[in-house]
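Chain by chain, the residues:
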Amino acid sequence: MTNTNIDINDKIGETLYDVAIVGGGLAGLSLSIQAAKAGYKTILMEKEQYPFHRVCGEYISLESFNFIESLGLPISQMNLPLIKKLEVSAPGGNVIHHNLPLGGIGISRFTIDNELAKIAKREGVVLLENNKVNAVSYEENMFVITHAEGSIRSKVAIGAFGKRSNLDIKWKRHFVLQRSNKLNNYIGVKYHIITDQPADTISLHNFENGYCGISRIEDDKYCLCYLTTADNLRKNGNSFKSLERNVLGKNPRLKEIFSRTRFLFEDPVVISHISFEKKSLVENHILMCGDAAGMITSICGNGMSMAMHAGKIAFDYIHRFLQNEISRNEMELGYEKAWNKAFAKRLKAGRFVQAFFGRHWKADLFIKIIKPFPKFISYLIRQTHGKPF
């Protein structure tokens, strides 16, 4: 079933939109709400049906608190867990405990995406669910977007379709063409669980060729999400249970957690072909947003806040373009510059820390070295978290 908030007799394919967004994650949803509130005719196309689960760490740092509320989602009234502490363990069991200077909240993508989708519809966004986009072309200063139900035209197009899509392959984006290597051959695995970890703590546990994050979300549940290589899974007979027992279980903290945890999913939510390769921010005049612009390492703080921040940055330039204050070229260059200013150092810091994770001896040595220096730990946390926007 496809939901829209326009009359059934309105022929979508004949409508000219100001803003067309491909992908309904946090970047796409937040951008669509901003555009609709500003009075722009906006359409968002999502291949799934809300609500649904996504692979994600499901922790949002408080840098995005005010922005989320400005979109119309009253998270201050949702009784969400406040996360103020960080726990990091090495494969050998060495552990760091530290306060999070800014802190964050826990909320599942199942909930926040669905609530933002409802807000988008109320604000007038044409939301097409269960609708896969097959092609986006730029012709005579206009975009033609072909989807499962026809085609539409738009003045501005945004790619907010996540980590890897059929469009990435069709456009032969650089990261898609790379051979399998340590940056582009990851899988992500997520469960919702019941466990007894402190509600105010987000933990990050290392294991060979990967790491696992655990934090509380709504309704007394926890999100357990881990990232590892496809090769790790293959070596364990493509069995997640074997992978968790034979690889994750070598970390004493993870072994303990898995032994006393009740899993709420019969099977995990999984995504493959995750790439941390650098991605272009503009493709054929299409602005890339969220993971389509660059996969965020878990150690960068959180991709949820960064995706919404990118949506805010993109809208600022789209608005100026649609108001004829800047040219299309100025919009694209301005967005690239602002995106890099907001995230480039943060991504670099995250990749620096990530280089020490996922390898037994490196992670153990790294944690052993920095553990006596809490000020340095605070510095690293600040480098990988943003400021309120």
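None of these values were measured; they are calculated from a predicted model.

*Asks:* Can you break down the pairing of strand 11 (residues 201-207) residue by residue, with the values?
*Replies:* By the criterion of burial, strand 11 is predominantly enclosed, with seven of the seven residues buried. Side-chain alternation along strand 11 places Thr201, Ser203, His205 and Phe207 on one buried face and Ile202, Leu204 and Asn206 on a second face that is also buried. With five bridges joining them, strand 4 (residues 82-89) and strand 11 adopt parallel strand pairing. Bridged to Val88 within strand 11 is Leu204. Where strand 11 hands over to strand 12 (residues 210-216), the hairpin turn is made up of two residues, of which Asn209 adopts a positive phi near 65°.

*Asks:* How would you summarise the pattern of salt bridges if you had to cite specific residues and measurements?
*Replies:* Following the criterion strictly, the structure yields 16 salt bridges and no others. The shortest N-O distance in the salt bridge between Lys121 and Glu129 comes to 3.1 Å. For the salt bridge of Lys235 with Asp231, the shortest nitrogen-to-oxygen distance reads 3.2 Å. With Lys235 and Asp231 both in helix 6 (residues 230-235), this residue pair falls four residues apart, about one helical turn. For Asp231, a relative accessible area of 28% gives the class partly exposed. Through salt bridges with shared partners, a single network forms among Glu87, Asp196, Arg253, Glu256 and Arg260.

*Asks:* Give me the packing of helix 1 (residues 26-37) against helix 9 (residues 303-322): which residues, what numbers.
*Replies:* Look at helix 1 against helix 9: their axes get within 8 Å of each other, and the N-to-C directions meet at 35°. Viewed along their axes, helix 1 and helix 9 form a crossing whose handedness is right-handed. Facing Leu26, Ala27, Ser30, Leu31, Gln34 and Ala35 of helix 1, the residues of helix 9 in contact are Met304, Ala307, Met308, Gly311, Lys312, Ala314, Phe315 and Ile318. Counted by class, the contact of helix 1 with helix 9 contains ten nonpolar, three polar and one charged residues.

*Asks:* Account for the environment of His147, naming residues and giving values.
*Replies:* Positionally, His147 belongs in strand 8 (residues 142-147). In sequence terms His147 and Val133 are 14 residues apart; their C-alpha atoms lie 4.1 Å from each other. Once residues within four sequence positions are removed from consideration, His147 is found in contact with Met45, Leu128, Asn131, Lys132, Val133, Asn134 and Ile152.

*Asks:* Outline the packing of helix 1 against helix 3 (residues 109-123), listing residues and values.
*Replies:* Any two packed helices are characterised by how steeply their axes cross, that is the angle between the axes, and by the distance between the axes. Close contact between helix 1 and helix 3 brings their axes to 9 Å; oriented N to C, the two are set at 20°. It follows that helix 1 is roughly parallel to helix 3 by the angle criterion. In this structure, helix 1 meets helix 3 at a crossing whose hand is left-handed. On helix 3, the residues that touch Leu26, Leu29, Ser32, Ile33, Ala36 and Lys37 of helix 1 are Arg109, Ile112, Asp113, Leu116, Ala117, Ile119, Ala120 and Glu123. Within the contact of helix 1 with helix 3, the residues separate by chemical class into nine nonpolar, one polar and four charged.

*Asks:* Describe helix 12 (residues 374-384), naming the residues involved and giving the relevant values.
*Replies:* By the burial criterion, the buried members of helix 12 are Ile377, Ser378, Leu380, Ile381 and Thr384. Down the axis of helix 12, the buried side of the element spans an arc of 160°, and every buried residue falls inside it.

*Asks:* Provide a residue-level description of the nonpolar core, including the pertinent values.
*Replies:* Counting residues in hydrophobic clusters, the biggest one holds 76 residues, and the most contacted among them are Leu116, Val136, Ile158, Ile318 and Tyr335. Per element, the largest residue contribution to this core is twelve residues, and it comes from helix 9. One finds Tyr191, Tyr222, Tyr226 and Leu254 within the second-largest nonpolar core, a separate group that totals 24 residues.

Calculation criteria
Residues numbered from 1 in each chain as written. Predicted model: local features only at pLDDT ≥ 70, side-chain atom pairs only at ≥ 80, totals over all residues. Heavy atoms only, no water. Buried < 20%, exposed > 50% of the residue type's maximum accessible area, 1.4 Å probe, protein only. Helix = DSSP H or I, 4+ residues; strand = E, 2+ residues; numbered from the N terminus. Pairing = 2+ DSSP bridges. Salt bridge = Lys/Arg side-chain N within 4 Å of Asp/Glu carboxyl O. Axes fitted to C-alpha atoms, helices over the stretch in contact; angles between N-to-C directions. Left-handed = near helix turned anticlockwise from the far one by under 90°. Contact = heavy atoms within 4.5 Å. Nonpolar A, V, L, I, M, F, W, Y, C, P; charged D, E, K, R; others polar. Parallel < 35°, antiparallel > 145°, perpendicular 65-115°, else oblique. Arc of directions from axis to C-beta. Core = buried A, V, L, I, M, F, W, Y, C linked by side-chain atoms within 4.5 Å.

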